[in-house]
Amino acid sequence: MSLRYALLGLLADHPASGYDLLRRFKSSLATVWPATQSQIYTELTKLADSSLISVSDEGARGRKEYTLTDEGLAELRHWLTETAPKRVARNEMLMRVFFLGVVSRAQARTYLAEIGAGTARAQDDLHSLEAGIDWDESNLSVYGRIAMEWGERYYAMNQEWAKWALEQIPEHNP
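Basis of the calculations
Residues numbered from 1 in each chain as written. Predicted model: local features only at pLDDT ≥ 70, side-chain atom pairs only at ≥ 80, totals over all residues. Heavy atoms only, no water. Helix = DSSP H or I, 4+ residues; strand = E, 2+ residues; numbered from the N terminus. Rg over C-alpha atoms; globule rule 2.2 N^0.38 Å. Buried < 20%, exposed > 50% of the residue type's maximum accessible area, 1.4 Å probe, protein only. Contact = heavy atoms within 4.5 Å. Areas by Shrake-Rupley, 256 points an atom, 1.4 Å probe, with all protein chains shown as cover. Axes fitted to C-alpha atoms, helices over the stretch in contact; angles between N-to-C directions. Parallel < 35°, antiparallel > 145°, perpendicular 65-115°, else oblique. Nonpolar A, V, L, I, M, F, W, Y, C, P; charged D, E, K, R; others polar. Phe/Tyr/Trp six-rings, centres within 6.5 Å; stacked < 30°, edge-to-face > 60°. Expected span 1.5 Å × (residues − 1). Arc of directions from axis to C-beta.

*Asks:* Give me the overall build of the protein: which residues, what numbers.
*Replies:* Within the protein one finds 7 helices and 3 strands. Going residue by residue from the N terminus, the α and β elements of the protein occur as α-β-α-α-β-β-α-α-α-α. A globule of 174 residues ought to have a C-alpha radius of gyration of about 16 Å, yet the protein, at 21 Å, is considerably larger. The buried share among the 174 residues of the protein stands at 25%. For the protein, the proportion of contacts with a sequence separation of at least 24, taken over those separated by at least 6, is 55%. For the protein, the accessible surface area stands at approximately 12100 Å², while carbon and sulfur atoms represent 54% of it.

What follows is the structure, encoded as structure tokens:
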């Protein structure tokens with residue numbers, strides 16, 4: 001359901017084609033809410049059928065530019081202000097940590113070290129993404145920077161936690 005609102009939010013900034021939205025997704029929302037090309041185009045069709053967006057321009061090779069309608073903006077605002085986010089409490093990585101006692105300590109330590117290394121790589125990717133964005137004072141930039149800071153802090157916390165967790169497991173069996 002959130003893909004719907006991600007697309008409405010991106011179109012609230014300015015009209016865009018499906019291809020443009022896919023590129024914007026990859027450069028801004030992919031770390032938060034990944035979506036494939038087929039998912040985006042399918043959702044755009046649903047949004048248009050629901051009159052939440054409209055086709056504002058058609059170009060060569062079937063290219064369509066979409067614009068947020070007044071109904072779409074109202075729907076986005078309703079979602080932002082009148083519905084609570086779903087709290088998904090599933091975390092496969094952490095569930096695996098919970099059961100690391102069934103593998104050797106060396107395997108447990110390797111798993112935790114990989115979490116730290118993977119988080120460091122993700123943080124590096126986030127820094128590269130941030131450096132490649134042409135920040136300005138638009139709403140997407142202001143709130144995008146706020147969301148990016150959450151990612152920075154999230155990755156920093158995960159690295160710190162992985163280091164701490166490794167210290168909790170002795171290197172050798174007692």
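That covers the picture; the talk isn't over yet.
*Asks:* Tell me about unusual backbone geometry, and name the residues and values.
*Replies:* At Ser51, a residue that is not glycine, the phi angle is positive and equals roughly 65°. Examined against the element boundaries, Ser51 turns out to sit in the loop between helix H3 (37-49) and strand E2 (53-58). Overall, the relative accessible area of 42% leaves Ser51 in the partly exposed class. Of note, the phi angle at Arg61 is positive, near 55°, even though the residue is not glycine. Take Arg61: it is sitting in the loop between E2 and strand E3 (64-68).

*Asks:* Please give an account of the packing of helix H1 (residues 2-13) against helix H2 (residues 18-29) that cites residues and values.
*Replies:* The interhelical angle for the contact between H1 and H2, taken along N-to-C directions, is 105°, at an axis separation of 11 Å. On the basis of their axis angle, the class for H1 and H2 is roughly perpendicular. Mapping the contact onto sequence places Leu3, Ala6, Leu7, Leu10, Leu11 and Asp13 in H1 and Leu21, Arg24, Phe25, Ser28 and Leu29 in H2. When grouped by side-chain class, the residues that make up the contact of H1 with H2 number 8 nonpolar, 1 polar and 2 charged.

*Asks:* Break down the side chain of Ser141 for me, citing the residues and quoting the values.
*Replies:* Along the polypeptide, Ser141 turns up in helix H7 (residues 139-168). Given the relative accessible area of 8%, Ser141 is considered buried.

*Asks:* Provide a residue-level description of the packing of aromatic side chains, including the pertinent values.
*Replies:* The relation between two aromatic rings is expressed through the spacing of the ring centres and the mutual angle of the planes. Inspection of every chain in the model, using the stated rule, returns 4 aromatic pairs. Ring geometry for Phe98 against Phe99: centres 5.2 Å apart, planes inclined by 85°, an arrangement best described as edge-to-face. On the basis of relative accessibility, which here comes to 68%, the residue Phe98 falls in the exposed class. On the basis of an interplanar angle of 15° and a centroid distance of 5.0 Å, the ring pair of Trp150 and Tyr154 is categorised as stacked. Here Trp150 pairs with Tyr154, and both are found in helix H7, just 4 residues apart, close to one helical turn.

*Asks:* Tell me about H3, and name the residues and values.
*Replies:* Its 13 residues give H3 an end-to-end C-alpha distance of 18 Å, which sits within 8% of 18 Å, the value for a rise of 1.5 Å per residue. Looking at H3, one finds that the buried residues are Ile40, Glu43, Leu44 and Leu47. Along the axis of H3, the buried positions cluster into a sector of 110°, meaning they face one direction only. As for H3, its buried residues are in contact with H1, H2, E2 and E3. Looking at the residues trailing H3, positive phi occurs at Ser51, about 65°.

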